[in-house]
Amino acid sequence: MNTQLKDLIEKLNQDLAAEYQAVIMYNTYAAGVLGEHRQQLRELFLQEIPDEMEHAKYLADKIVALEGNPTLSIGKVPKAENDCEMLENVLKAEAETIQRYGQRRLEAEEIGDLALMNDLEEMISDETRHKEECEKILRGFIPKI
Ligand SMILES: [Fe+2]
Ligand SMILES: [Fe+2]
């Protein structure tokens, strides 16, 4: 296996650990969110879980297709003291993921994997939708944002 492919598999594994983290983050925040916006936020968090699970499933399958081993690691979920912190953590995680997948798309292009490029673009669209929904809620939450 060449170094370029090996590197890509390693990075896809970091992406996979981050997708697992996203599932746990949304599930934990959905359970823990309190206060007047509980219902709205809980629904938002819960509705992202199937997308993140799909991404994790896809990445694990792709890593095996590339002859790698899917990681068993899970990224650490940041603690949040209140609903606002939850939204900020979610926003940060989604923004980082969009950036990582943009980078990964370039790396997929370098090895000529057009399908991976296309699949990453679809995941970028999902993550962007998550980020924008979260931004809209935050906008109404804190006047300064
Ligand atoms: Fe995701
Ligand atoms: Fe997401």
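Rules used throughout
- Residues numbered from 1 in each chain as written.
- Chains lettered and ligands numbered in written order.
- Predicted model: local features only at pLDDT ≥ 70, side-chain atom pairs only at ≥ 80, totals over all residues.
- Heavy atoms only, no water.
- Helix = DSSP H or I, 4+ residues; strand = E, 2+ residues; numbered from the N terminus.
- Rg over C-alpha atoms; globule rule 2.2 N^0.38 Å.
- Buried < 20%, exposed > 50% of the residue type's maximum accessible area, 1.4 Å probe, protein only.
- Contact = heavy atoms within 4.5 Å.
- Areas by Shrake-Rupley, 256 points an atom, 1.4 Å probe, with all protein chains shown as cover.
- Donors = N, O, S within 2.8 Å, 3.2 Å for Na, K, Ca; no water.
- Expected span 1.5 Å × (residues − 1).
- 1 Å grid on protein atoms, 1.4 Å probe; cavity = no way out; pocket = protein on both sides within 12 Å on 5 of 7 lines; lining within 4 Å.
- Points joined across faces, edges and corners; volume = space filled by probe spheres on them.
- Nonpolar A, V, L, I, M, F, W, Y, C, P; charged D, E, K, R; others polar.
- Phe/Tyr/Trp six-rings, centres within 6.5 Å; stacked < 30°, edge-to-face > 60°.

Asker: Mind showing me how you'd approach the overall build of the chain here?
Answerer: Scanning the chain for helices and strands turns up four helices and zero strands. Helices and strands in the chain line up, N terminus first, as α-α-α-α. A compact globule built from 145 residues would reach a C-alpha radius of gyration of about 15 Å, and the chain, at 16 Å, matches this within 12%. For the chain, the C-alpha atoms occupy an extent of roughly 55 × 25 × 20 Å along the three principal directions. The burial tally for the chain puts 43% of its 145 residues in the buried class. Counting only contacts in the chain whose residues sit at least 6 apart along the sequence, the fraction spanning at least 24 positions is 79%. Accessible surface, the chain as shown: approximately 8200 Å² in total, 51% of it carbon and sulfur.

Asker: Even after reading the chapter, I still don't get the coordination of the iron ion (ligand 2), so can you show me in this structure?
Answerer: The protein atoms that coordinate the iron ion (ligand 2) are Glu52 (OE), Glu94 (OE), Glu94 (OE), Glu127 (OE) and His130 (ND1), at distances spanning 2.0 to 2.3 Å. Between consecutive donors of the iron ion (ligand 2), the numbers of intervening residues give the motif E-x41-E-x32-E-x2-H. A distance of 4.0 Å spans the gap from the iron ion (ligand 2) to the iron ion (ligand 1), which Glu52 bridges by coordinating each metal. Of this pair, Glu94 sits in helix 3 (residues 83–110) while Glu127 sits in helix 4 (residues 114–141), and the two are 33 residues apart along the sequence. Take Glu94 and Glu127: they sit in the same class, and that class is buried.

Asker: Help me out: how do you make sense of helix 4 in this one?
Answerer: Within an α-helix, residues lying three or four positions from one another point in the same direction, as the helix has 3.6 residues per turn. If you check helix 4, its first and last C-alpha atoms are 41 Å apart, about what 28 residues at 1.5 Å a residue would give, namely 40 Å. Taken together, the buried positions of helix 4 are Leu116, Met117, Leu120, Met123, Ile124, Asp126, Glu127, His130, Cys134, Ile137 and Leu138. Taken together, the buried residues of helix 4 touch helix 1 (3–32), helix 2 (38–65) and helix 3.

Asker: Would you take a moment to explain the layout of surface pockets for this structure?
Answerer: Sizing a probe to match a water molecule and rolling it over the atoms shows the empty space that remains. One number sums up the size of the largest pocket: a volume of about 230 Å³. Lining the largest pocket are 16 residues; nearest its centre among them are Gln21, Asn89, Lys92, Ala93 and Glu96. Listed by contribution, the elements that provide at least two residues to the lining of the largest pocket are helix 1 and helix 3. Considering each element in turn, the lining of the largest pocket owes the most residues, seven residues, to helix 3. Partitioning the lining of the largest pocket into residue classes produces five nonpolar, three polar and eight charged.

Asker: Honestly, the packing of aromatic side chains in this entry has me stumped. Any pointers?
Answerer: All chains considered together, the criterion is met by two aromatic pairs. Where Tyr26 meets Phe45, the ring centres are 6.0 Å apart and the plane angle is 40°; that geometry is what we call tilted. Of the two residues, Tyr26 sits in helix 1 while Phe45 sits in helix 2, which places them 19 residues apart along the sequence. Residue class for Tyr26 comes out buried when judged on its relative accessible area of 1%. Given a relative accessible area of 0%, Phe45 falls into the buried group. By the ring-pair criterion, three or more aromatic residues cluster together here, those being Tyr26, Tyr29 and Phe45.

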